[in-house]
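# What the coordinates show
Here is what each chain is made of, one letter per residue.
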Amino acid sequence: MKRLRNNAFEHWRYEQNDIGDLRKTIADVHHEKGIPEFRLWTLPHIMGKIQRVCVSVRYDVDKAIVNLPFIYELENAHNLRSTVYLRPSGYFYGKSDIQNYIDNHDRHEIALHGEFVTTAENRSTDEFAAAREEKIMLERYIGREVKGVCMHGGELRANYTKRTWRAIESAGFKYETLYRNKYYLPLHLPCDAGIRKTLSIGQRYADISAKADKEYKRELTDNLIECFLEAYAYGGVFVLVMHPIYFSVKKYLKHPKNVWRLAMFIPRYVSSLIKMKSAQEYLNIDD
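In this report, we go over the structure that sits alongside the text. None of the values given here were measured: they were computed from a predicted structure.

This part is about the overall build of the protein. Helices and strands together make up the secondary structure of the protein, namely 10 helices and 12 strands. When its C-alpha atoms are laid out on the principal axes, the protein stretches across 65 × 45 × 40 Å. Residues classed as buried in the protein amount to 45% of the 287 residues present. In the protein, once contacts between residues fewer than 6 apart in sequence are set aside, the share between residues at least 24 apart is 69%. Here the protein carries 44 positive and 37 negative side-chain charges, and the mean point of each set is 2 Å from the other.

A few words on the sheet that holds strand 6 (residues 148–151). Strand order in the open sheet made by the 8 strands is 10-7-6-5-4-3-12-11, with parallel pairing throughout. Looking at which strands have only one partner, the edges of the open sheet turn out to be strand 10 (199–200) and strand 11 (205–206). Relative to strand 5 (residues 109–114), strand 4 (residues 83–86) runs parallel, the two sharing 4 bridges. Paired with T83 across the strands is E109, a residue of strand 5.

We now examine the nonpolar core. Counting residues in hydrophobic clusters, the biggest one holds 65 residues, and the most contacted among them are L86, I98, Y101 and F116. With near-sequence residues (within four places) excluded, F116 lies in contact with E127, A130, A131, E134, V149, M151, N159, T164, A167, I168 and F173.

Now for the packing of aromatic side chains. Per the stated rule, a full pass over the model turns up 9 aromatic pairs. Seen in terms of ring centroids, W12 and Y179 are 4.3 Å apart; in terms of plane orientation they differ by 20°. Their pairing is stacked. Of the two residues, W12 is situated in the loop between helix 1 (2–11) and helix 2 (19–33) and Y179 in the loop between strand 7 (175–176) and strand 8 (190–191); the sequence distance between them amounts to 167 residues. Residue classification places Y179 among the buried positions, given a relative accessible area of 3%.

This paragraph deals with the pairing of strand 5. In terms of residue burial, strand 5 counts as a mostly covered element, since 5 of its 6 residues are buried. In this fold, strand 4 hands off to helix 4 (residues 95–104), which returns the chain to strand 5; that crossover is right-handed. As defined by bridge partners, strand 5 adjoins strand 6 across 3 bridges and the pair is classed as parallel. Considered in strand 6, the bridge of L112 is made with V149.

As for its placement among the helices and strands, T118 is situated in helix 5 (residues 116–123). With relative accessibility at 13%, the residue T118 sits in the buried group. When residues no more than four places from it in sequence are discounted, the contact partners of T118 are R157 and N159.

Structurally, Y175 is set in strand 7. The exposure class assigned to Y175 is buried, which follows from its relative accessible area of 13%. Separated by 74 residues in sequence, Y175 and V249 have C-alpha atoms that sit 31 Å apart. Sequence-distant contacts of Y175, that is, excluding residues within four places in its chain, are made with T83, Y85, E109, A111, K147, G148, V149, T198, L199 and I201. Looking at Y175, its side chain comes within polar contact range of the side chain of E109, at 2.8 Å.

Analysis parameters
Residues numbered from 1 in each chain as written. Predicted model: local features only at pLDDT ≥ 70, side-chain atom pairs only at ≥ 80, totals over all residues. Heavy atoms only, no water. Helix = DSSP H or I, 4+ residues; strand = E, 2+ residues; numbered from the N terminus. Buried < 20%, exposed > 50% of the residue type's maximum accessible area, 1.4 Å probe, protein only. Contact = heavy atoms within 4.5 Å. Lys, Arg positive; Asp, Glu negative; His and termini not counted. Charge placed at Lys NZ, Arg CZ, Asp CG, Glu CD. Pairing = 2+ DSSP bridges. Core = buried A, V, L, I, M, F, W, Y, C linked by side-chain atoms within 4.5 Å. Phe/Tyr/Trp six-rings, centres within 6.5 Å; stacked < 30°, edge-to-face > 60°. Right-handed = clockwise from strand over helix to strand, strands pointing away. Polar contact = N/O pair within 3.5 Å; in protein donor to acceptor, adjacent residues only side chain to side chain.

Put into structure tokens, the structure is as follows:
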């Protein structure tokens, strides 16, 4: 039992060869408490047919919120729907852009693309206050509850520390997709006080993982099929992370406002690069 807990604590997942031990542990506890062994199937059913796998497409909207309508045209043609992770106080769009988006696409789930470390620094506060402020701000913009969250890692900012998951719980989020643990089964991760209240759903694959060359489309397609088949074998959730700007840089740049925002941002980006050491991936890393 201790080995299973340590594995989940350190790697945010259970390995395939741990599943049998985990199920036996649960069955033993049920037997000890006089509870019959049973399994709750977490995936939905469609017209009475239980689904074996779920694909959760997520768009990290770092910059190109203007590309979302184009993406939705593609999704609607195939009866698909995705989750959009928005930044309520980022560089590249703001309140008016978000509300314009909501006016036409309010059926899609919206989650928070959090920037707790950056927000805390800008407002001279801490991650806990920043998490609450960002959640409340986005909820005001969209007029409904924001249940999910993940950290924005762009602009050379990690926005993640050892305190981040605690800030997420304190702010009242229902789920997070923080960890690139290549895992398909949602779970409540262990912590010092027992288990976390916030459900953890692991990231499996992102469009930025494929090499940006002439074979990009083929590599991306092959990897998506492979990940889907793995998720099917697990009976779990395949979280696919996508970025709207990759759908069309031309569509993004045809808006003069976006060109202006990029021009304003580039000096800040260069300044951050200069401050970084050669081995750094992010400007702010708190171990």
